[in-house]
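Take a look at the letters that make up each chain.
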Amino acid sequence: MREKTSWPIVAICYDFDKTLSPKDMQNFGLIPKLGCKVSAFWKASNKIAQEQGMDKILAYMKLIVDKAQSREAKIAREDFNALGKTIELFPGVDSWFERINKIAESLEINVEHYIISAGLKEIIEGTTIAKFFTGIYASEFYYDQYGKPMWPCQVVNYTTKTQYLFRINKNCLDMSDEDSVNQYIPNEERRIPLSNFIYIGDSETDIPAMKIVKQGGGTSIGVYNPINCDLDRVLQLLKQDRIDYLMPADYREKSKIEKAVCSVLNEIHTKFKLKHLHSQQRAFVNDLEEVDEFAEYTEQFISDGDLTLEDINSIEKKSKKIIRKIKKNIIDAHVEVGGAVEIDMFVTKKQEYLKKKFDDKRKKISKKNSKQQGIQ
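Residues numbered from 1 in each chain as written. Predicted model: local features only at pLDDT ≥ 70, side-chain atom pairs only at ≥ 80, totals over all residues. Heavy atoms only, no water.

Participant: Tell me about a negative patch on the surface, and name the residues and values.
Facilitator: Residues Glu289, Glu290, Glu293 and Glu296 make up a contiguous surface patch of negative charge. Position of Glu293 relative to the elements: it lies in helix α10 (residues 256–304). (Patch = residues over 30% accessible without salt bridge, like charges linked within 9 Å, V, L, I, M, F, W, Y side chains within 5 Å. Areas by Shrake-Rupley, 256 points an atom, 1.4 Å probe, with all protein chains shown as cover. Salt bridge = Lys/Arg side-chain N within 4 Å of Asp/Glu carboxyl O. Lys, Arg positive; Asp, Glu negative; His and termini not counted. Charge placed at Lys NZ, Arg CZ, Asp CG, Glu CD. Helix = DSSP H or I, 4+ residues; strand = E, 2+ residues; numbered from the N terminus.)

Dropping the structure here:
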């Protein structure tokens, strides 16, 4: 088994609400804590967005601050974290990450899990699954010295979700760095190619991210609630070729989505193996060319040079030594790819070719020497 540092990296990116959890995270504990009914809160939030021409995410974040201030309710970062414990998850989510990591390890793949959500980062950080994520990219508040939310610090909506895909892809994870994420980096130099992305989401708000992953050769999966089987949110996504598969949000062992993700990981494993084999064989061929180049150089040298028989014998002896060394190096480096028998036969043919050239040169020198002796 190779070192883990040489394994390919796969990024599995998840929306949160209605993807890992059956409801919007604010509905579980936050909105009731603000003294609101869920339906009334979202109606008021949407009204603000519509009347002010405001981003819906900014609208609900503003409403949270306004409601907290009007009730003088204590809503601090730690309160959001505590509310994370109230979040209900779809079946199997709590054990999903460890299972997928174990499967990936068996395939010699490093898996990294990321959240890209319009929900609140502070709440997600308080969930039981937060420890499994390499990064959590979600909307977040700016807090005053007392830990009171004052203003949005980060806002993630359906269009900005794509930014985080490229941050992961290019390894530009510093959110204050707005330059490096926009810099051109050749695909082969990016830490995680888009072909090694799996995006799991539930609705039209994930479309831009799903489309980018799919166009980049990765896999996009649309999920729906397995209890009410509301397929409307994902049927059109599949029909419009914006996702590769639709699956119930059932993450238990041997579930449909687990089997699908395992198949994708297997495909990535196979492609990586074949790519690695191709790279090894290219290196093997390049090293074999060294034998050809040496043979061509030696042939040219003895053909053009004014040499004696002693020179030819000495050069032939040295050439045999050099070819033996080249052969050993090739076998040591490429025996598994090229095969010792194949390498030996290839080099032997070159040796026989050179031997003939040396013999021909000797004949020419002997013939020339005989003519000179006849003249004398």
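Participant: Residue-level account of the sheet that holds strand β6 (residues 219–224), with values.
Facilitator: The seven strands lie next to each other as β4-β3-β2-β1-β5-β6-β7, forming an open sheet whose pairing is mixed. Looking at strand neighbours, the two that pair on one side only are β4 (149–154) and β7 (245–248), the edges of this open sheet. The average angle at which neighbouring strand axes cross in this sheet is 25°, direction not considered. In terms of strand pairing, β6 meets β7 through four bridges, oriented parallel. Bridging across to β7, Tyr224 finds its partner in Pro248. (Pairing = 2+ DSSP bridges. Axes fitted to C-alpha atoms, helices over the stretch in contact; angles between N-to-C directions.)

Participant: I'd love a proper account of the packing of helix α7 (residues 161–170) against helix α8 (residues 207–215), names of residues and values included.
Facilitator: Following both chains from N to C, one finds α7 and α8 inclined at 35°, their axes separated by 8 Å at the closest point. Facing Lys161, Thr162, Leu165 and Phe166 of α7, the residues of α8 in contact are Pro208, Ala209, Ile212 and Val213. Classifying every residue of the contact of α7 with α8 gives six nonpolar, one polar and one charged. (Contact = heavy atoms within 4.5 Å. Nonpolar A, V, L, I, M, F, W, Y, C, P; charged D, E, K, R; others polar.)

Participant: An account of the packing of aromatic side chains is needed here, citing residue identities and associated values.
Facilitator: A ring pair, where both rings are aromatic, is described by two values, the distance of the centres and the angle of the planes. Here the structure, examined in full by the defined rule, presents 12 aromatic pairs. Aromatic pair Phe97 and Phe133: ring centres 5.1 Å apart, planes at 75°, arrangement edge-to-face. Highlighted residues: Phe97 in helix α5 (residues 93–106) and Phe133 in strand β3 (residues 133–143), separated in sequence by 36 residues. The exposure classification of Phe97 matches that of Phe133, with both residues buried. Ring geometry for Phe141 versus Tyr143: centroids 6.4 Å apart, planes at 75°, classification edge-to-face. Accessibility expressed as a relative area gives 12% for Tyr143, which makes it buried. (Phe/Tyr/Trp six-rings, centres within 6.5 Å; stacked < 30°, edge-to-face > 60°. Buried < 20%, exposed > 50% of the residue type's maximum accessible area, 1.4 Å probe, protein only.)

Participant: Tell me about the pairing of strand β5 (residues 197–201), and name the residues and values.
Facilitator: Of all the five residues making up β5, five are buried; the element is thus mostly covered by neighbouring parts of the structure. Residues Phe197, Tyr199 and Gly201 point to one face of β5 and Ile198 and Ile200 to the other, with burial holding for every one of them. As paired strands, strand β1 (residues 9–14) and β5 are joined by four bridges and run parallel to one another. Looking at β5, one finds that Ile12 is bridged to Ile198. Pairing of β5 with β6, which is carried by four bridges, proceeds in the parallel orientation. Residue pairing in the sheet places Tyr199 in a bridge with Ser220 of β6. As a crossover connection, the stretch from β5 through α8 into β6 is right-handed. (Right-handed = clockwise from strand over helix to strand, strands pointing away.)

Participant: Tell me what's going on with a positive patch on the surface, and back it up with residues and numbers.
Facilitator: Side chains of Lys317, Lys320, Lys321, Arg324 and Lys325 sit close together on the surface and give a patch of like positive charge. On the basis of relative accessibility, which here comes to 65%, the residue Lys317 falls in the exposed class.

Participant: So what about the packing of α5 against α10? Which residues, and what values?
Facilitator: It is the contact of α5 with α10, at a shortest axis distance of 11 Å, that shows an interaxial angle of 30°. If you check the angle between α5 and α10, you find them roughly parallel. When the axes of α5 and α10 are compared, the crossing they make is right-handed. Of the residues in α10, those in contact with Trp96, Arg99, Ile100, Ile103 and Ala104 of α5 are Ile257, Glu258, Val261, Cys262 and Leu265. Of the residues assigned to the contact of α5 with α10, the class counts are eight nonpolar, no polar and two charged. (Parallel < 35°, antiparallel > 145°, perpendicular 65-115°, else oblique. Left-handed = near helix turned anticlockwise from the far one by under 90°.)

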